[in-house]
Each structure stands twice: as C-alpha cells, then as structure tokens.
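A structural walkthrough
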Amino acid sequence: MPLQLTLCRLCARSRPDFLQMVNQLAAEYPGKIEIIELDCMAACDDAPSVMVATKYYAHVAPQQLSAMVHEKMEEE
Ligand code: FES
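The following paragraphs examine the structure supplied in this document. Bear in mind that the values here come from a model prediction, so they are computed numbers and not experimental data.

**Some details on the overall build of the chain**
Counting its regular elements, the chain contains 3 helices and 4 strands. Ordered by position from N to C terminus, the α and β elements of the chain give β-α-α-β-β-β-α. Here the C-alpha atoms of the chain give a radius of gyration of 11 Å, agreeing with the 11 Å that 2.2 N^0.38 yields for 76 residues. In terms of its C-alpha atoms, the chain occupies a principal-axis envelope of roughly 30 × 20 × 20 Å. Here the chain holds 76 residues, and 21% of them are scored as buried.

**Description of the packing of helix H2 (residues 16-28) against helix H3 (residues 62-75)**
Viewed as axis vectors pointing N to C, H2 and H3 meet at an angle of 20°, and their least axial separation amounts to 9 Å. Considering their axes alone, H2 and H3 lie roughly parallel with respect to each other. Our pair here, H2 against H3, has a crossing hand that is right-handed. On the side of H2, the interface is formed by Asp17, Phe18, Met21 and Leu25, while H3 contributes Pro62, Leu65, Ser66 and Val69.

How each quantity is defined
Residues numbered from 1 in each chain as written. Predicted model: local features only at pLDDT ≥ 70, side-chain atom pairs only at ≥ 80, totals over all residues. Helix = DSSP H or I, 4+ residues; strand = E, 2+ residues; numbered from the N terminus. Rg over C-alpha atoms; globule rule 2.2 N^0.38 Å. Buried ≥ 20, exposed ≤ 12 C-beta atoms within 10 Å, placed from the backbone. Axes fitted to C-alpha atoms, helices over the stretch in contact; angles between N-to-C directions. Parallel < 35°, antiparallel > 145°, perpendicular 65-115°, else oblique. Left-handed = near helix turned anticlockwise from the far one by under 90°. Contact = placed C-beta atoms within 7 Å.

And the structure:
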C-alpha cells in the first residue's frame, strides 16, 4: 500500500517550495506515494500542513517533509 500524503490543494499551491518537495518525493518513489489533495483540511492556520499516513503535522518545512517521507520509506 502506498504511503499517503494528504494535503490541502490551496495551501500547498500557496507554498511553491512545499509543493515542489511533494512532487519531488512522488517522483523519487513512483507508485509508493499517493498524494491526496483536499480542498481544505481545516488547518488553514497551520499551512503548510500534511498528514503522513494517519499522522498530522503542522507548519511543515519542505526539508522536514522530505526527512519524514524518507524515514517512512526506510521503515517499509
Ligand atoms: S484552505 Fe488550506 S487548509 Fe483550509
């Protein structure tokens, strides 16, 4: 089962560096990451935020996201 990254489409697009990292990770792990884009994840004040599988993270820097995803992939 792919690792799910759930994010807000609007907030992600307002943070190009964050969105670029999401796309970079998806390209790095083809078929192993599923990007789920919501219209709003009720976390507007926490942007950029992301759910990695079932765990929620607020104010995520691109490098933090990268580290979290790499760590999850190493666990697999
Ligand atoms: S509009 Fe992005 S979390 Fe609400």
